[in-house]
Amino acid sequence: MLDTLRQDTEFGLRRLAKNPLFTATAALVLGLGIGANTAVYSVVRAVLLRPLPYPEAGRIMLISESNRAKGFSLFGVSSPDLRDWIERSRAFERMAAFTTSGANLAGREAPERVRLASVTPGFFPVLGVRAQLGRVFPSEREARESEDVVVISARLWRARFAAAPDVVGRAIRLGGRAHLVIGVAGDELRFPENVDIWKPLLLERDSSGRGARWLSALGRLRPGVSREQGLAEVNAIEQDLARQYPDPDRGWSVDVLALRDAMVQDARPGLLLLLGAVGLVLLIACVNVATLLLAQATGRTKEIATRLALGATRSRLVRQLAIENGLLGIAGGTLGMVLGGVMFRALLWISPAMTPRRGEIGLDAVVLAAGVLSGLVASVLAGLAPAYEAGRQDIRSKLVAGTASAGGRTARLRAALVVGELALAIVLLVGAGLLLRSVSRVLSIRPGFDPRGVLAFRIAPPQSAPAAADTQETFLAKYRAERGRMAGFYESAAAELRSLPGVESAGAINRLPLTGDWWTDELAVEGRPVARGEELSPKARVVTPGYFATLHLPLLDGRDVSAGDTAASPRVALVNETLARLLWNKEDPKGRRVCLCHDPGPNAPWLTVVGVVGDVRQTSLTLPAEPTVYVPFAQAMTGLFPDWGMDLVVRTRTSPLALAGAVRSAFRTLDGSLAVFDIRTLETVVANTVEQERFLLLLLSAFAGVALFLAAVGIYGVMSYLVVARTREIGIRIALGAQAEGILWLVTRRAASLSIAGVLLGTAAALALTRTMTSLLHGVAPWDPATFAGVAAVALLAAAGAGWLPACRAIRVDPIVALSHE
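Residues numbered from 1 in each chain as written. Predicted model: local features only at pLDDT ≥ 70, side-chain atom pairs only at ≥ 80, totals over all residues. Heavy atoms only, no water.

**Comments concerning the overall build of the protein**
Helix and strand counts for the protein stand at 26 helices and 22 strands. Across the 822 residues of the protein, 50% fall into the buried class. A sequence separation of at least 24 residues applies to 82% of the contacts in the protein between residues at least 6 apart. By element, 59% of the accessible surface of the protein is carried by carbon and sulfur atoms, the whole surface being about 36,700 Å². (Helix = DSSP H or I, 4+ residues; strand = E, 2+ residues; numbered from the N terminus. Buried < 20%, exposed > 50% of the residue type's maximum accessible area, 1.4 Å probe, protein only. Contact = heavy atoms within 4.5 Å. Areas by Shrake-Rupley, 256 points an atom, 1.4 Å probe, with all protein chains shown as cover.)

As structure tokens, then:
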């Protein structure tokens, strides 16, 4: 038996070596399909399938709150609410809270902007991680006694401190203050995403902050407790709190999600779409290889018949062909490993920067082994039909005929495979077409400002916060002094920027449009009481003079923010067109007073509306403009004070990015401890709103192009075989006076029938499958007629081109040669 297998293997290797073009083509087709699957599956496995690198990670839950009436879902939690959950819960072993921000880490040359997480002492036990050097925050008491301690990431330890073992006990300057490093986290700790420093956070005890839902919460379930049980318990606690504290807690409910699911929920639809797309590409590759193997088997009909006549058993013959296909599969799988590595690196390069678990994505032994195995299995499966057909050959007819006819079971099978290839290609083309139309629709939406020629960047100057032990008068005095100092700093920064060559204007805002949500607050209107449940929660933005002019944001009525809007002058605000319409319809809003609060008391910080500006899409291009209030920086209230920094915008007459170096130099002059970060053009900000969709579009288009090419190759192969098989018939027709047009139609009608069948089958399949893309489409229906019509036209043109070359070859057949053709 082993000797027979060795002989079959050696014979198979010789066969493949004697047909290098066929072997290379089949291996390349398989390699493309396997490589694409290897690259995409590597990402899907790391992001969606691989458990989080924490002990018993399935028990770690992300806890959030939702208020359906106000349109808030997966919102933060308040510190007092979380304290009550911790004290009353029995389903959770531990709970913890965290919030993320940024900080300037002082360095020898220039400061570095790092991502910082403020975490309660229970954060590390909830995740089940320990420090690889030093220790983490062990208790609330110790954290309260020493708040200026930090744990750093292993990545920062290696990059900034050269993995020095004596880093524990060193002092680092973070945000202008000295902090003591007490530990280095293990490599497995990559949560929250891209965080390099963790510092202590203490939960408030005062119930007055129960409505401030600014924390993210984690919990570890007790062994044997399900997510549903934990969800039910915390919701019961929350309902009890709503009865105790109706104003802040009424209408809120709790959501409990497994941490892994919560981290990847936004990326899941797109990754599953890509996984399905590459699966179709591999299927098309297998079908294409099966078509090639059928063509090869057709050319070997006389050889196979002779071997059968000399006594070879049909089972031995099928086994021989299966071994040849297996060798071909190993070659395709090996090539797929190489191509998969290249595609994987390209995939990571073009993937969105905010892809969850990005640091855990990589090719591993399991994925690579699966690539080789899939090549072997794919080629063997693709060769089953040719091997089966070879085993069913009639010896006498094949020895007499020597070649295959244009009809028969083999020809019908080959035609069916080509129709299937084209149908699968149609599905991918429709998906790519829908995404293309969706992205085009989104990018055609006007954001409300002019992004051309604007450079944006962010700075966060160190600030001295008032102490928690201060009296209210002392706290407000320190706050006003700090606000005045920072207002002066931003005025100096804007003046420095305006002095740069080519700069037209400059300004600042606490959060750029289209870069995510930001602080919202309830709004009270003077003389207009609002019933509970009908409150308006506008976006609140802090701006400096020059911001609206820099973005070419139209001033529709009244005046702009000016340098005269200081802490000593009357408080003012501008509202956007949507808020003005909602509150005052067609009445003049100027002079009306509003308060960013729910229940204004006698000392409420009323703001006088002095102007109306055009609408800007703050959160996303696909969402309508939301009600917005703009407050001058120098008059920002404590709840709005931008202690996380400001986004500065500079309009220039030259290329915006060419100004980046001058901007860095200007801020080194102003304050050498500042890090200038997130430098990009405003056009890039707008384009990034569809970053995930463009990523999916690029890959789907590439996969669809490969699929269409393979389908066209299949049609070309069928037509070439048809011309060869009917050469004698075509020669007789030409000898008897048939015209070129008649011969052309004789050949092309077969390609036309296959193409139409493939397009109809593919259209039906696409209608059924594209419904799964609904969440990824904006302004385009999954059954968009224009997309389906366009794809059908492209597919028919490609099929016509593939069938045209063999047809042209048919009309040039020499009758003398054709009549002597075997």
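**Side note on the environment of Leu48**
Tracing the backbone shows Leu48 in helix H2 (residues 20-49). Each C-alpha atom of the pair Leu48 and Ala267 lies 8.8 Å from the other, and the pair is 219 residues apart in sequence. Sequence-distant contacts of Leu48, defined by excluding residues within four places in its chain, comprise Arg260, Val264, Arg268, Leu271 and Leu272.

**Overview of empty space enclosed by the protein**
Scanning all chains against the criterion turns up 3 cavities of 30 Å³ or more. Lining the largest cavity are 14 residues, with Glu491, Pro545, Asp565, Phe633 and Ala634 sitting closest to its centre. When residues of the lining of the largest cavity are assigned to their parent elements, the largest contribution, 3 residues, is made by helix H17 (residues 472-498). Partitioning the lining of the largest cavity into residue classes produces 9 nonpolar, 3 polar and 2 charged. (1 Å grid on protein atoms, 1.4 Å probe; cavity = no way out; pocket = protein on both sides within 12 Å on 5 of 7 lines; lining within 4 Å. Points joined across faces, edges and corners; volume = space filled by probe spheres on them. Nonpolar A, V, L, I, M, F, W, Y, C, P; charged D, E, K, R; others polar.)

**Concerning helix H6 (residues 154-161)**
Turning to H6, its buried residues are Ala154, Leu156, Trp157 and Phe161. Buried residues of H6, seen end-on, are gathered within an arc of 160° and therefore sit on one face of the element. Tucked inside the fold, the buried residues of H6 contact strand S3 (92-105), strand S5 (131-134), strand S6 (149-152), strand S7 (171-174), strand S8 (177-185) and strand S9 (197-200). Remark: Ala162 follows H6 within two positions and exhibits a positive phi of approximately 50°. (Arc of directions from axis to C-beta.)

**Some thoughts on helix H20 (residues 660-670)**
Within the sequence span of H20, burial applies to Ala660, Val663, Ala666 and Phe667. The buried side chains of H20 occupy one side of the element, clustering within an arc of 120° when seen end-on. Exposed side chains of H20 directed beyond 90 degrees from the buried face belong to Arg668 and Thr669.

**Some words on a nonpolar patch on the surface**
Residues Ile330, Leu373, Leu376 and Val377 make up a contiguous nonpolar surface patch of about 310 Å² in total accessible area. Broken down by element, the residue count for the nonpolar patch peaks at 3 residues, all from helix H13 (residues 365-382). Mapped onto the secondary structure, Ile330 falls in helix H12 (residues 314-350). (Patch = residues over 30% accessible without salt bridge, like charges linked within 9 Å, V, L, I, M, F, W, Y side chains within 5 Å. Salt bridge = Lys/Arg side-chain N within 4 Å of Asp/Glu carboxyl O.)

**Quick look at the nonpolar core**
Within the largest apolar cluster, 125 residues are counted, with the highest numbers of intra-cluster contacts made by Phe123, Phe124, Leu127, Trp198 and Phe703. In terms of residue count, the dominant contributor to this core is helix H16 (residues 408-443) (14 residues). Not counting residues up to four positions away in its chain, the partners in contact with Phe123 are Ala96, Phe98, Phe191, Pro192, Trp198 and Leu218. Of all hydrophobic cores here, the second largest spans 25 residues; its members include Ala487, Ala506, Ala634 and Leu674. (Core = buried A, V, L, I, M, F, W, Y, C linked by side-chain atoms within 4.5 Å.)

**A closer look at the packing of helix H3 (residues 79-88) against helix H7 (residues 227-244)**
Between H3 and H7, the shortest axis-to-axis distance is 10 Å and the interhelical angle comes to 125°. On the basis of the axis angle, H3 is oblique to H7. As for the relative orientation of H3 and H7, their crossing is right-handed in sense. Side by side, H3 and H7 meet where Asp81, Asp84, Trp85 and Arg88 of the first sit next to Val234, Ile237, Glu238, Asp240, Leu241 and Gln244 of the second. Grouping the amino acids of the contact of H3 with H7 by side-chain chemistry returns 4 nonpolar, 1 polar and 5 charged. (Axes fitted to C-alpha atoms, helices over the stretch in contact; angles between N-to-C directions. Parallel < 35°, antiparallel > 145°, perpendicular 65-115°, else oblique. Left-handed = near helix turned anticlockwise from the far one by under 90°.)

**Let's talk about the pairing of S6**
Side chains Val149 and Val151 project from S6 onto one buried face, and the interleaved Val150 and Ile152 project onto a second face that is buried too. Where S6 lies against S8, 4 bridges are found, and the strand directions are parallel. Across the sheet, the residue bridging to Val151 is Gly183, located in S8. Two strands pair when backbone bridges link them, and S6 and S9 are joined in this way by 2 bridges, in the antiparallel orientation. Within the sheet, the bridge partner assigned to Ile152 lies in S9 and is Ile197. (Pairing = 2+ DSSP bridges.)

**A short note on the pattern of salt bridges**
What the rule picks out here adds up to 26 salt bridges. Across the pair Asp261 and Arg268 runs a salt bridge whose closest N-O atoms are separated by 3.4 Å. Sharing partners across several salt bridges, the network here consists of Glu65, Asp81, Asp84, Arg210 and Arg213.

**Observations regarding the packing of aromatic side chains**
Tallied over the full model, the rule gives 11 aromatic pairs. Here the aromatic rings of Phe98 and Phe123 are separated by 6.0 Å at their centres, their planes lie at 65°, and the arrangement is edge-to-face. Of the two residues, Phe98 sits in strand S3 while Phe123 sits in helix H4 (residues 123-127), which places them 25 residues apart along the sequence. For Phe98, a relative accessible area of 6% puts it in the buried group. On the basis of relative accessibility, which here comes to 0%, the residue Phe123 falls in the buried class. A ring pair is formed by Phe123 and Phe124, whose centres lie 5.4 Å apart and whose planes are at 90°; its orientation type is edge-to-face. Taken together, the ring pairs in this structure connect Phe98, Phe123, Phe124, Phe191 and Trp198 into an aromatic cluster. For the cation-ring pair, Arg210 lies above Tyr245, with the distance from its terminal atom to the ring centre recorded as 3.9 Å. The side chain of Arg213 reaches across the aromatic face of Trp252, ending 4.0 Å from its centre. (Phe/Tyr/Trp six-rings, centres within 6.5 Å; stacked < 30°, edge-to-face > 60°. Lys NZ or Arg CZ within 6 Å of the ring centre and 35° of its normal.)

**Describing the confidence of the model for the protein**
Put simply, the protein has an average pLDDT of 81, and 80% of its residues get 70 or more. Segment residues 401-406 is flagged for pLDDT under 50; beyond a separation of four residues in sequence, or across chains, it makes 17 contacts in the model. (pLDDT = per-residue confidence, 0-100.)

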